[in-house]
Amino acid sequence: MYQPFKYFAFISYNSNDIAWGKRLQRKLESYKMSATLCSERGWKRKPINPIFFAPTDIQPGGLTEELQDRLKASRHLIVICSPHSAKSEWVGREIEYFHQLGRTQHIHFFIVEGAPHSDNPNTECFNPIVEKLGLPEMLGANIDEKIFRWSWLNKERAYVQLISKLLDVEFDTIWQRHKRQLFVKILAWSVSALLVLSMLLGVYTMSQPIDVAIQVNETTCHNPALPSVQPTEVVLDLKDEVKKSVLLALDSAVIFKNIPHKYLNEEVHITATIKDFVKLDTTLILSENMQLGIRRDANVYGNIKFQIWDKNARAIPDVKIQIQGCEA
């Protein structure tokens, strides 16, 4: 369909708008049309290709023969409109030459700054050559048109407006599809961002030390008349390192501070020699809050044995009694 032309379009711009020129070239050349439309019209999946974007080192003056050849070889002329390009003699000459080729209907305006017909040289975005040549009234695709509350979506709409004119396709035909693709991308980006955030949060959490509290309780029947626990050093063996803390009293907690997070849910070894109690020596799975039981050493306090008799001097076996509140 476009065989007589080497380029699908020629982008005319002022050097102040070069970033927009490069961005627009990338957008147009990479734009994929639906397979249905491509099949119906005999297009490639990326039909707006190639785009000629003039090198930045072209200097003002008359249009060189090379540039004239590029314009002749381009089916469309896209003018990036801004107050800079409105003042550019170079842009004006490219518009004029393309008009002289008889392709006025293939001149398209892409407004990135300013406003058309503003009567203010500081905001006017159309080059005066447009009015001088008496070109038919043309509405440019405007990135600042306030259709949606999000500026990025207004920019996307402007791209699609330009694409629909370049391909002579009804705007709504490709805009609805384009919006769906945008929201699918946004959803995919959001999910990816959440996954990355979760991973970073996990890495951060795993790098933070924790405090471990181990509640120590007496498992033997507590007799307040017996001596309490003397302050005792408790040792937490983490294989790679050893942590120490002090048990101050019965039914209190031993606090181990700044334990590397990597030891959480791992097997650790705890030891302590507590006066008058059975030595604490146990292995357990580390968590931030744990319970440990200790019991009096029977070899220190002794075992009492006695027999209960009834009034007929018969022994009574298996009787549960309490001695000072402790079941025996």
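Residues numbered from 1 in each chain as written. Predicted model: local features only at pLDDT ≥ 70, side-chain atom pairs only at ≥ 80, totals over all residues. Heavy atoms only, no water.

### Describing the overall build of the protein
Thought 1: When helices and strands are tallied, the protein shows nine helices and 14 strands.
Thought 2: Taking 328 residues into account, the globule formula puts the C-alpha radius of gyration at 20 Å, and the protein, at 42 Å, lies well above it.
Thought 3: By principal-axis analysis of the C-alpha atoms, the protein measures approximately 135 × 40 × 35 Å.
Thought 4: Here the contacts in the protein between residues at least 6 apart in sequence split such that 63% fall between residues at least 24 apart.
Thought 5: For the protein, the exposed area adds up to about 19800 Å²; of that, 53% sits on carbon and sulfur atoms.
Thought 6: Here the protein holds 39 positive side-chain charges and 37 negative ones, and the gap between their average locations is 4 Å. (Helix = DSSP H or I, 4+ residues; strand = E, 2+ residues; numbered from the N terminus. Rg over C-alpha atoms; globule rule 2.2 N^0.38 Å. Contact = heavy atoms within 4.5 Å. Areas by Shrake-Rupley, 256 points an atom, 1.4 Å probe, with all protein chains shown as cover. Lys, Arg positive; Asp, Glu negative; His and termini not counted. Charge placed at Lys NZ, Arg CZ, Asp CG, Glu CD.)

### Section: a nonpolar patch on the surface
Thought 1: On the surface, W150, W152 and F183 cluster together to form a nonpolar patch covering roughly 330 Å² of accessible area.
Thought 2: Tracing the backbone through its elements, the reader meets W150 in the loop between β5 (141-142) and α7 (151-167).
Thought 3: For W150, a relative accessible area of 43% translates into the label partly exposed. (Patch = residues over 30% accessible without salt bridge, like charges linked within 9 Å, V, L, I, M, F, W, Y side chains within 5 Å. Salt bridge = Lys/Arg side-chain N within 4 Å of Asp/Glu carboxyl O. Buried < 20%, exposed > 50% of the residue type's maximum accessible area, 1.4 Å probe, protein only.)

### Considering the sheet that holds strand β10 (residues 267-272)
Thought 1: On the basis of which strands lie adjacent, the open sheet formed by four strands has the order β8-β7-β10-β11 and antiparallel pairing. The strands lining the two open edges of the sheet, one partner per strand, are β8 (242-247) and β11 (280-285). On average, each strand axis in the sheet is tilted by 20° relative to the strand beside it, whichever way the strands run.
Thought 2: Note that β10 and β11 share six bridges and pair antiparallel. By the bridge assignment, A272 is partnered in β11 with L280. (Pairing = 2+ DSSP bridges. Axes fitted to C-alpha atoms, helices over the stretch in contact; angles between N-to-C directions.)

### Side note on the sheet that holds strand β9 (residues 252-259)
Thought 1: Read from one edge of the open sheet, three strands run β9-β6-β12, paired in mixed fashion. Lying at the two open borders of the sheet, with one neighbouring strand each, are β9 and β12 (289-294). Going from strand to strand, the sheet's axes swing by 25° on average, the running direction of each strand aside.
Thought 2: Looking at chain direction, strand β6 (residues 210-218) and β12 are connected through six bridges and run parallel. Paired with V216 across the strands is L292, a residue of β12.

### Considering the packing of aromatic side chains
Thought 1: Under the definition given, this model contains eight aromatic pairs.
Thought 2: Arranged with centres 5.4 Å apart and planes meeting at 50°, the rings of Y7 and F52 form a pair that is tilted. With Y7 in strand β1 (residues 7-12) and F52 in strand β2 (residues 51-53), the pair connects residues that are 45 residues apart, well separated along the chain. When sorted by exposure, Y7 lands in the same class as F52, which is buried. (Phe/Tyr/Trp six-rings, centres within 6.5 Å; stacked < 30°, edge-to-face > 60°.)

### Overview of the pairing of β1
Side-chain direction in a regular strand flips from residue to residue, so the side chains alternate between the two faces of the sheet.
Thought 1: The buried fraction of β1 is high, at six of six residues.
Thought 2: Taken together, the five bridges between β1 and strand β3 (residues 74-81) define a ladder with parallel strand orientation. Looking across to β3, one finds that I11 is bridged to I78.
Thought 3: Strand direction decides the pairing type here: β1 and β2, joined by three bridges, are parallel. Pairing of F10 across the sheet is with F52, part of β2.

Just distances and angles here, no functional claims.
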